[in-house]
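Spelled out from the first residue to the last, the chains are:
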Amino acid sequence: MTDDTQLETLTDYAWLPSEIRDFIDRTEAAYPPDAVNFSIAEQRAFYDKLCADFDQPHPPGLTTEDLTIAEIPCRRYTPTRPRGGVTGIYFHGGGFVVGGLESHDAIVAELAERAGLTMIAVDYRLVPEHRHPAAYLDCLAVVDAVPGPKVLAGDSAGGTLAASVSAARPGLAGQVLIYPGLGGEGLPSFTRHAKAPMLSADECRYYETVRYDGPVPVGDVTARPLDAEDYGDLPATAIFIAEADPLASGGIEYAARLAEAGVDVSLTEEPGMVHGYLRARHMSPGAAESFARIAEALDRFATQAVGA
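Just so it is clear, the structure is predicted and the values come from calculations on it, not from any experiment.

## So, the overall build of the protein
Next up, step 1: Secondary structure summary: the protein contains 9 helices and 8 strands in total.
Next up, step 2: Relative to the compact-globule value of 19 Å for 308 residues, the protein shows a C-alpha radius of gyration of 18 Å, a close match.
Next up, step 3: Taken over the C-alpha atoms alone, the protein extends approximately 50 × 45 × 40 Å along its principal axes.
Next up, step 4: Residue burial in the protein is summarised as follows: out of 308 residues, 56% are buried.
Next up, step 5: For the protein, long-range pairs separated by at least 24 residues make up 74% of all intrachain contacts whose partners lie at least 6 apart in sequence.
Next up, step 6: Surface summary for the protein: the accessible area is close to 12,000 Å², and the carbon and sulfur share equals 51%.
Next up, step 7: Taken together, the 23 basic and 45 acidic charged side chains of the protein have centroids lying 3 Å from each other.

Here it is in structure tokens:
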């Protein structure tokens, strides 16, 4: 594992596991490393191709239903043995620019089945057509409209949204954040892994600037969860970060602040992993093991919520 306290920038990632290097090559064949330099339409076409390439069939017996909740398109995933009384709500990644119900369909389906948890995926509005706080307001509206205990989950930008919504709605059953963008660009990993494959510091800056009309907000927890002044009302939290990711230190800092506030929090740094590794779960043992841990966290929070 690399030492996150060293501030030199890594440029050679040959030390990553061979299957993760294969995953990077396969990803970049569909979604070029310089995709952010293309038009929004081209970025979305690249991403659709990437998602189709990594698509997987749903677990046998799991059912889905497309529906509208609070005027937001959503998809409900019901596993073969659903736990009653609690719902998981998933916010997809994609830098707030790309993604939707199809991009993370197999990921949410497999998490729902493994956790035995009915889950709802949210097709929130994307930028630049709908700048912040549109995505946040969509996610908040769905959470408010779904009855009963809820566990929030999300990867990358979806992790940002989950953490922001959790800050606004005390009393949630839990949140599971997967390589989330939480703020804290001055933290060590943002420099050390500035040239990381799958997500670079320059790409992070692009996604930050395209998200807003005007400057990046300061002190706005609806945009950057690490800008919160108080963390004591946040729910039990499980955070999963990738070792080779400029966003990793943000997850570490967020976990520390939650722990200091007395929140039940766990932090898992996945060695040899890169941003976006959920898609590598069927080709990398490390990614598969992390996926199982994420499902276990969802299961744990849901079980605690209903006392089963």
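Moving on from the model shown.
## Some remarks on the pattern of salt bridges
Next up, step 1: Applying the stated criterion across every chain yields a total of 17 salt bridges.
Next up, step 2: With a closest N to O distance of 2.4 Å, R224 and E208 form a salt bridge. One end of the pair, R224, is in the loop between α7 (201-210) and β7 (237-244); the other, E208, is in helix α7, with 16 residues separating them in the sequence.
Next up, step 3: In this structure, R224 and D227 form a salt bridge, with 3.6 Å as the shortest nitrogen-oxygen distance.
Next up, step 4: A residue is classified by how much of its surface remains accessible, and R224, at 14% relative accessible area, is buried.
Next up, step 5: What makes D227 partly exposed here is its relative accessible area of 23%.
Next up, step 6: Members of the salt-bridge network, linked through shared partners, are D66, R75, E102 and D105.

## Comments concerning the side chain of R211
Next up, step 1: One can find R211 in the loop between α7 and β7.
Next up, step 2: It is E208 that comes nearest to the buried, bridge-free R211 among opposite-charge side chains, at 4.5 Å.
Next up, step 3: Reaching out from R211, the side chain makes a polar contact with the side chain of Y212 at a distance of 3.1 Å.

## Considerations on helix α4 (residues 134-145)
An α-helix turns once every 3.6 residues. As a result, residues three or four positions apart point the same way.
Next up, step 1: In this model, α4 (12 residues) spans 17 Å end to end at C-alpha, consistent with the 16 Å of a helix rising 1.5 Å per residue.
Next up, step 2: Every buried residue of α4 is listed here: A134, A135, Y136, D138, C139, L140, V142 and V143.
Next up, step 3: Buried residues along α4 sit against β1 (63-69), β2 (72-78), β3 (87-91), β4 (119-122), β5 (150-155) and α5 (157-168).

## Topic: helix α2 (residues 40-53)
Next up, step 1: Given a rise of 1.5 Å per residue, 14 residues ought to cover 20 Å, and the 20 Å separating the end C-alpha atoms of α2 matches this to within 8%.
Next up, step 2: Of all the positions in α2, only I40, Q43, Y47, L50 and C51 are classed as buried. One side of α2 holds all its buried residues, which, seen down the axis, span an arc of 95°. Across from the buried face of α2, at angles greater than 90 degrees, the exposed residues are A41, D48 and A52.
Next up, step 3: Buried residues along α2 sit in contact with α1 (18-30) and α7.

## Remarks on the pairing of strand β8 (residues 265-274)
Next up, step 1: With 7 bridges joining them, β7 and β8 adopt parallel strand pairing. Within β8, the residue paired with A244 across the bridge is V274.

## Digging into the packing of helix α3 (residues 105-115) against helix α9 (residues 285-306)
Next up, step 1: Between α3 and α9, the shortest axis-to-axis distance is 8 Å and the interhelical angle comes to 60°. With respect to their mutual orientation, α3 and α9 come out oblique. In this structure, α3 crosses over α9, and the sense of that crossing is right-handed. Residues I107, E110, L111, R114 and A115 of α3 form the contact with α9, whose own contacting residues are F291, A292, I294, A295, L298 and D299.
Next up, step 2: Split by residue class, the contact of α3 with α9 holds 8 nonpolar, no polar and 3 charged.

## With respect to the side chain of S200
Next up, step 1: Mapped onto the secondary structure, S200 falls in the loop between α6 (188-192) and α7.
Next up, step 2: When near neighbours in sequence (up to four residues on either side) are disregarded, S200 contacts A194 and P246.

## Details of the confidence of the model for the protein
Next up, step 1: Per-residue pLDDT for the protein has a mean of 96; in total, 97% of the residues score no lower than 70.
Next up, step 2: Note that pLDDT drops below 50 for residues 1-6; the model gives that stretch 15 contacts with residues more than four away or on any other chain.

## Focus: the nonpolar core
Next up, step 1: By size, the foremost hydrophobic cluster in this structure holds 104 residues, and its most contacted members are F91, Y254 and Y277.
Next up, step 2: Contacts of F91, omitting those with residues within four sequence positions, involve V122, Y124, C139, V143, L152, A153, G154, D155, G158, L161 and A162.

Parameters at a glance
Residues numbered from 1 in each chain as written. Predicted model: local features only at pLDDT ≥ 70, side-chain atom pairs only at ≥ 80, totals over all residues. Heavy atoms only, no water. Helix = DSSP H or I, 4+ residues; strand = E, 2+ residues; numbered from the N terminus. Rg over C-alpha atoms; globule rule 2.2 N^0.38 Å. Buried < 20%, exposed > 50% of the residue type's maximum accessible area, 1.4 Å probe, protein only. Contact = heavy atoms within 4.5 Å. Areas by Shrake-Rupley, 256 points an atom, 1.4 Å probe, with all protein chains shown as cover. Lys, Arg positive; Asp, Glu negative; His and termini not counted. Charge placed at Lys NZ, Arg CZ, Asp CG, Glu CD. Salt bridge = Lys/Arg side-chain N within 4 Å of Asp/Glu carboxyl O. Polar contact = N/O pair within 3.5 Å; in protein donor to acceptor, adjacent residues only side chain to side chain. Expected span 1.5 Å × (residues − 1). Arc of directions from axis to C-beta. Pairing = 2+ DSSP bridges. Axes fitted to C-alpha atoms, helices over the stretch in contact; angles between N-to-C directions. Parallel < 35°, antiparallel > 145°, perpendicular 65-115°, else oblique. Left-handed = near helix turned anticlockwise from the far one by under 90°. Nonpolar A, V, L, I, M, F, W, Y, C, P; charged D, E, K, R; others polar. pLDDT = per-residue confidence, 0-100. Core = buried A, V, L, I, M, F, W, Y, C linked by side-chain atoms within 4.5 Å.

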